[in-house]
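Working through the structure, step by step
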Amino acid sequence: MKNNIRDLKIFATDIRITILKGLKGLGFGHVGGSMSMVELMAALYGECMNIDAKNPDWEDRDWYIQSKGHAGPAVYATLALKGYFPYEEIYTINQPETNLPSHCDRNKTPGIDMTTGSLGQGMSTAIGVALGNKLKSKNNYTFLLLGDGECNEGQVWEGALFAPQHKLDHLIAFIDSNKKQLDGYCKDICDLGDIRQKFEDFGWHAQEVDGHDIEEIINAIEKAKAVKEKPSMIVLDTEKGRGCTFTEGVLFNHHVKFTKEQADEAITALENYKEML
Ligand SMILES: Cc1ncc(C[n+]2csc(CCOP(=O)(O)OP(=O)(O)O)c2C)c(N)n1
């Protein structure tokens, strides 16, 4: 590993703090699904991705497709901390004239590789990018994040068939398996069953790890990079709303309203946690 794990945990905590700072002015947002994917952001942008914040369109960069586009605040917080744009822009999330709309838009935000929001589409785009790079004999990776609720979309399963057939071994996908979608538990709406096993059965190299353990995620990415002639799926066992005092353990925490006091309390708790790391 290039970085030590403590630094990556601090980075993850700063991502959570930045999400809250960014949404505090509005008092609402997709907090639940943003918080559950934070350790993935820390692993990818803190350790694993070959990127250059000063040159976001660099042709040979690793790509990141945020298919669950409603969790844009988690990506914006990460990009702000990495210096893709001035940190102060985070205070404009989802406000008029912003470069950081509620759902990700590649024409607005430096570092955003796909405009998303309609669930399922990221799978097709990530495959297109990975296939294009393979045809050009490039070695860069395409990383893709899907939600578990998003996996109810048929488009995901079309891609699940296509990627192994075309041996897209530089496509590394993740599912944020936080067990919930917009209006309840995934198992009550359209049960995915053993989603890791399903991707393995479709011909993917498929792993499952603790999605809040940065080291486990990094190790899984290293394993995925060593696999030849198969795309990789890494299922992240996560908790929706993780690490935020007013969403953790709350049943309906997909899109939440909160007060400035609640945001400040959550930020203080995270600052205290950071001190103890
Ligand atoms: C095609 C499509 N259908 C419905 C929606 C509305 N929608 C937005 S978020 C969401 C739930 C997504 O759940 P999941 O993928 O598990 O995301 P997470 O829990 O990680 O936030 C839904 C149904 C959408 N954005 N796109």
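Everything quoted here is computed from the prediction, not taken from an experiment.

1. Here's the deal with helix 4 (residues 72–82)
The periodicity of an α-helix, 3.6 residues per turn, causes residues three or four positions apart to be oriented the same way. Here helix 4 lies mainly inside the structure; 10 of its 11 residues are buried. Along helix 4, the residues classified as buried are Gly72, Pro73, Ala74, Val75, Tyr76, Ala77, Thr78, Leu79, Ala80 and Leu81.

2. What to know about the sheet that holds strand 7 (residues 205–210)
If you walk across this open sheet you meet the five strands as 2-3-4-8-7, and the pairing is parallel. Unpaired on one side and paired on the other, strand 2 (63–66) and strand 7 mark the two borders of the sheet. Adjacent strand axes in the sheet meet at a mean angle of 20 degrees, parallel and antiparallel pairs treated alike. Together, strand 2, strand 3 (142–147) and strand 4 (171–177) form the strand contacts of helix 5 (residues 121–135), whose direction differs from that of strand 3 by roughly 170 degrees. On the sheet, helix 9 (residues 214–226) packs against strand 4, strand 7 and strand 8 (232–237) and is oriented at approximately 170 degrees with respect to strand 7.

3. A word on the site of the ligand
Taken together, 21 residues sit near the ligand, with Gly33, Gly147, Gly149, Glu150 and Gln181 positioned nearest. If you list the elements that add at least two residues to the shell around the ligand, you get helix 2 (31–35) and strand 5 (180–181). Of the residues that constitute the shell around the ligand, the class distribution is three nonpolar, 12 polar and six charged.

4. A few points about the pairing of strand 4
Of all seven residues that make up strand 4, seven are buried, and the element is covered over most of its length. Neither face of strand 4 is exposed, since Leu171, Ala173, Ile175 and Ser177 on one face and Ile172, Phe174 and Asp176 on the opposite face are all buried. Two elements, strand 3 and strand 4, share six bridges in a ladder whose sense is parallel. Bridged to Thr142 within strand 4 is Leu171. In this fold, strand 3 hands off to helix 6 (residues 154–165), which returns the chain to strand 4; that crossover is right-handed. The pairing of strand 4 with strand 8 spans six bridges and is classified as parallel.

5. Points about unusual backbone geometry
A positive phi angle, close to 50 degrees, is found at Lys167, a residue other than glycine. As for its placement among the helices and strands, Lys167 is situated in the loop between helix 6 and strand 4.

6. Points about the environment of Ile10
Among the structural elements, Ile10 can be located in helix 1 (residues 5–24). With 16 C-beta atoms packed within 10 Å, Ile10 lands in the partly exposed category. C-alpha separation for the pair Ile10 and Ala42, spaced 32 residues apart in sequence, amounts to 9.0 Å. Leave out the neighbours within four places in its chain, and Ile10 touches Lys274 and Leu277.

7. Side note on the packing of helix 1 against helix 4
Taken N-terminus to C-terminus, the directions of helix 1 and helix 4 make an angle of 115 degrees; their axes are 8 Å apart at the nearest point. Two packed elements cross with a definite hand, and for helix 1 against helix 4 that hand is right-handed. Every residue of helix 4 that contacts helix 1 at Phe11, Asp14, Ile15, Thr18, Ile19, Gly22 and Leu23 is listed here: Pro73, Ala74, Tyr76, Ala77, Thr78, Ala80 and Leu81. Grouping the amino acids of the contact of helix 1 with helix 4 by side-chain chemistry returns 10 nonpolar, three polar and one charged.

8. Some remarks on helix 3 (residues 38–48)
For helix 3, the tally of buried residues reaches 11 of 11 residues, placing the bulk of the element in the interior. Looking only at helix 3, the buried set comprises Val38, Glu39, Leu40, Met41, Ala42, Ala43, Leu44, Tyr45, Gly46, Glu47 and Cys48.

Each value, and the rule that gives it
- Residues numbered from 1 in each chain as written.
- Predicted model: local features only at pLDDT ≥ 70, side-chain atom pairs only at ≥ 80, totals over all residues.
- Buried ≥ 20, exposed ≤ 12 C-beta atoms within 10 Å, placed from the backbone.
- Helix = DSSP H or I, 4+ residues; strand = E, 2+ residues; numbered from the N terminus.
- Pairing = 2+ DSSP bridges.
- Axes fitted to C-alpha atoms, helices over the stretch in contact; angles between N-to-C directions.
- Contact = placed C-beta atoms within 7 Å.
- Near = placed C-beta within 6 Å.
- Nonpolar A, V, L, I, M, F, W, Y, C, P; charged D, E, K, R; others polar.
- Right-handed = clockwise from strand over helix to strand, strands pointing away.
- Left-handed = near helix turned anticlockwise from the far one by under 90°.

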